Amino acid sequence: MTGPGDITRDGIFEKLARAQSTPAKTIRIWLGEPMGLSAPVCVDLTPSADRTMSVIGDDAANVGVLTSTAAALATLGVGRSTASPDHADHADQGAQAGHADHADAITLIDFTPVDHRYTAVHAELGAVLPGLRRWSATHCLERIESLADLVRKRHADDAYTMTSIADCRVLILNGLHRCRELDSSPKGYGAAGVGVPLSHLLEQGSEVGVFVIATIDRNGLRRVHRDILNQFGIVLTRRYSDSFDDRVSALIGRPTARLRDGQAVLVDDGSQTRLRPYGIPPPGWLKAFGETLP
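Only a predicted model underlies this, so the values are computations on that prediction, with no experimental measurement involved.

(A) How the structure looks around the overall build of the chain. A count of helical and extended segments in the chain gives eight helices and 10 strands. The buried share of the chain, reckoned over its 294 residues, is 53%. Taking all contacts inside the chain whose residues are at least 6 apart in sequence as the whole, residues at least 24 apart take part in 73%. Split by element, the accessible area of the chain, about 12700 Å² in all, is 50% carbon and sulfur.

What follows is the structure, encoded as structure tokens:
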């Protein structure tokens, strides 16, 4: 089969939501339809090393993954709490970085230009995830540094244990290749900028329940340094042309040339799964799905 997976087909996501039975400390993200007769494909984000995910494809494909991720988080109750007046949308401001982290379960930083965004999808993300915090690219360093500080505090506390998904934080970086200052190593002498705290999140964040999910355009990989790309433990990628396949092959350890339109390969902990990631649902679906949840 070709073409993207259909998140609305036969009410599959509603069924998955009702049947949700993941462990208390696990965030299960449903990504798409299997290539065979098995269950829908998912990844589990747990408080352990290398549980960060990069999603590589064009903007439309990446936004499809973004919507299924949002719906999966909503089924677990992550980001369903309504924002308080002190934690308003940060699209145009970042001065409130010192507010309590418990109110910021999900942070979305969108690096894509306004004219490239799927505005209907972004509007509905707030409906299915009322507690979603949006930060502009201008203030991204502020927010990423605050999450890196949280990771340091958790690691420094020998008694800290993530007891439930209520303790988790999810950072979604849409269009990471458009973020400035990521083309150089965050580990080099005099390294500075966004790459430094981001590298810390990727290296140590998931062990204490701070997870990073980043989307990257297939043609923008060269703008992100290998020292950052190689820190993602989970990779979901589409088919690459020969001119770029060497970079992806190096990243995931295998080629993508056999993938067809709408297909992707998920590489997680050394295992490979082919799937058809969910595409962007029809307008109104995310909002309507959110209304079925507690």
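From this point on, the discussion continues.
(B) Region of interest: the environment of Val170. Along the chain, the position of Val170 falls in strand β6 (residues 169-174). Note on Val170: relative accessible area 2%, which makes it buried. When the C-alpha positions of Val170 and Gly205 are compared, they lie 10.0 Å apart, and in sequence the two are 35 residues distant. If we ignore the near neighbours within four places in the chain, the residues touching Val170 are Ile27, Leu73, Ala105, Ile106, Thr107, Phe211 and Ile213.

(C) Region of interest: helix α2 (residues 59-75). Taking 1.5 Å as the rise per residue, α2 with 17 residues should run 24 Å; its terminal C-alpha atoms sit 25 Å apart, in good agreement. For α2, a buried count of 16 out of 17 residues is recorded, marking the element as mostly surrounded by other parts of the structure. Just past α2, the residue Gly77 takes up positive phi, approximately 85°.

(D) Representation of the sheet that holds strand β4 (residues 106-110) within the structure. What the 10 strands build is an open sheet, ordered β2-β1-β10-β9-β8-β3-β7-β6-β4-β5; its pairing is mixed. Each end of this open sheet is capped by a strand with a single partner; those strands are β2 (41-45) and β5 (133-136). Going across the sheet, the axis of each strand differs from the next one's by a mean of 25°, ignoring polarity. Pairing analysis gives three bridges linking strand β1 (residues 27-34) to strand β10 (residues 271-277), with the strands arranged antiparallel. Residue Pro34 lies in a different strand from β10, and its bridge partner there is Leu275. Contacting β1, β3 (53-57), β4, β6, β7 (210-217), β8 (234-237) and β10, α2 crosses the sheet at an angle of about 130° to β1.

Rules behind the numbers
- Residues numbered from 1 in each chain as written.
- Predicted model: local features only at pLDDT ≥ 70, side-chain atom pairs only at ≥ 80, totals over all residues.
- Heavy atoms only, no water.
- Helix = DSSP H or I, 4+ residues; strand = E, 2+ residues; numbered from the N terminus.
- Buried < 20%, exposed > 50% of the residue type's maximum accessible area, 1.4 Å probe, protein only.
- Contact = heavy atoms within 4.5 Å.
- Areas by Shrake-Rupley, 256 points an atom, 1.4 Å probe, with all protein chains shown as cover.
- Expected span 1.5 Å × (residues − 1).
- Pairing = 2+ DSSP bridges.
- Axes fitted to C-alpha atoms, helices over the stretch in contact; angles between N-to-C directions.

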